[in-house]
Amino acid sequence: KYIMDIPKLTDRALMLCNKKGLAGEIFIQKACSTTLEVKDKQLQTFNLADECGIGLRVIVDNKQGFAYSSQLDYANIENLIKQAKNNAQCTKGDQYNLLAAHSTAYPDINCFDENLSAVSVADKIKRAIAVETAAYDYDKRIKRIRQVLYKDIAYDIFIANTNGVNTGYKATQCAINTMVIAQDKTESQMGWELDHAHNYNQLITPEQMGENAAKRAVSMLGARQIATCASSIIFDPEVTCDFLGMISSAFSADTVQKGKSLFGNLLGKQVSASNFSLIDDGLCRQGMGAAPVDGEGAPMQKTVLIDQGRLTGFLHNTYTAQKAGTTSTGNAIREDYKQTPSVGTSNLYIKPGNIGAKELLAQTDEGLYITQAMGTHTINPVSGDYSVGACGYWIKRGKSAYPVRGVVISGNMLDLFAKIDLIADDLKFVGAIGSPTVRIRDITISGA
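Definitions and cut-offs
- Residues numbered from 1 in each chain as written.
- Predicted model: local features only at pLDDT ≥ 70, side-chain atom pairs only at ≥ 80, totals over all residues.
- Heavy atoms only, no water.
- Salt bridge = Lys/Arg side-chain N within 4 Å of Asp/Glu carboxyl O.
- Buried < 20%, exposed > 50% of the residue type's maximum accessible area, 1.4 Å probe, protein only.
- Helix = DSSP H or I, 4+ residues; strand = E, 2+ residues; numbered from the N terminus.
- Pairing = 2+ DSSP bridges.
- Axes fitted to C-alpha atoms, helices over the stretch in contact; angles between N-to-C directions.
- Contact = heavy atoms within 4.5 Å.

> Please set out the pattern of salt bridges residue by residue, giving values where relevant.
Side chains that differ in charge, positive against negative, can pair when their charged atoms come close. For the coordinates displayed, the defined rule picks out 14 salt bridges. The shortest N-O distance in the salt bridge between arginine 141 and aspartate 139 comes to 3.0 Å. Residue classification places aspartate 139 among the buried positions, given a relative accessible area of 16%. Across the pair lysine 428 and glutamate 238 runs a salt bridge whose closest N-O atoms are separated by 2.6 Å. Highlighted residues: lysine 428 in strand β18 (residues 428-430) and glutamate 238 in helix α5 (residues 237-247), separated in sequence by 190 residues.

Okay, here's the thing in structure tokens:
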């Protein structure tokens, strides 16, 4: 049950917490989502979801307790507080358990598409079908569309606590992706494209999406193996995003404090090439992690993690900041109202360079342009070791010579960062992680 008078509900909850001598926090979430999948111009799956709920966190005697419910009504609040308090008694006290402090400086950022609700389901289905049509029209060797998946979500967040935090926001996210199969005689290759935006009309056109996916698939036909060599590699932005996503936890202060971070003992030291800077920015609308406040009500902000190669900081929520004797960076994250805050990235991205992607390629005499990496989930965020399969194109004298498949690159992420020698200006986000095209020198490519 979702009641519209959220202020009265939270006032009652916080009043009861104060009355019982508890530090209390209310997190309320309402989300409406649409998910649909099209195949062979037919709707395959369709789901409309409407969910709301409340998470209640209390701290008593340095002990933290939590309870949640999908019922947002006055009668349930006292029961939730009782559950949370009882749960707290089962935990160990921790002097760093605190709730976020009140702020008067919340940033003004709007990530809500007022027009999304006016877009009909029929129009969304037509968009997905148009992606299929464009892929098939691009080349007769496109024989199959594995999927076209569209999803959007509109959500409201409200956060309040007994420290005076009383804030909230609403946001929308739209996403669409496709995977297509190109076939020539007995050979098959896959191509894909994906896009995200806060506003529906900011998604790339279905024609562009279908053509991009088809072009990737067709261009990989005739791919060959190459001999083992040491050469430059160029990461497509999406590939770099995959790598960053797998080690993003290494920048969490929680991971550092537990001794499980690759960067744990390197604060203030050079950890990459001097042309490399890494930023987490919850105020960047280009990424899907943008919001005015984090999951416990602290203001979002921009945090430089690596500045011209030097590790300058980690990401904090209120708990880890208290433990480290610093302040929150606004990086408390929550999956939904059923979870307590943890520490994570908002929008993590590599600072773009000042050279175009085409110019970067033109300046590459020879090397492998990697468009897809397989097995990035095996990258170890503690040691930084990686070994992944790759495919892409061999570059010769600044141009694509032929497609390549069946190779492996392996090493350590610190070594990879140290060998970055060119960064383009074509920043692209995949969800909440962004990167431009990046060139890395002297990497061993294991082939035939």
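> Could you give me a rundown of the sheet that holds strand β3 (residues 63-69), with the residues and numbers involved?
Ordered in space as β3-β2-β1-β4-β5-β6, the six strands form an open sheet in which the pairing is antiparallel. The open sheet is flanked by β3 and β6 (187-197), the only strands paired with a single partner. Across this sheet, the average inter-strand angle for adjacent strands is 20 degrees, counted without regard to direction. As paired strands, strand β1 (residues 23-39) and strand β2 (residues 42-60) are joined by 17 bridges and run antiparallel to one another. The residue bridging glutamate 37 from the neighbouring strand is threonine 45, located in β2. Helix-sheet contacts for helix α2 (residues 74-89) involve β2 and β3, and the interaxial angle to β3 is about 145 degrees. Most of the contacts of helix α4 (residues 206-219) go to β6, to which it runs at about 150 degrees, and overall it touches β4 (142-161), β5 (166-184) and β6.

> Which residues make up the sheet that holds strand β19 (residues 433-435), and what values do they have?
The strand order across the open sheet built from six strands is β10-β9-β8-β13-β19-β18, with neighbouring strands paired in mixed fashion. Among the strands making up the open sheet, the edge pair consists of β10 (310-311) and β18. Across three bridges, the pairing between strand β8 (residues 278-281) and strand β13 (residues 348-350) is antiparallel. Of the residues in β13, the one forming a bridge with isoleucine 279 is tyrosine 349. Taken strand by strand, α5 contacts β8, β13, β18 and β19, and its axis lies near 135 degrees from that of β19.

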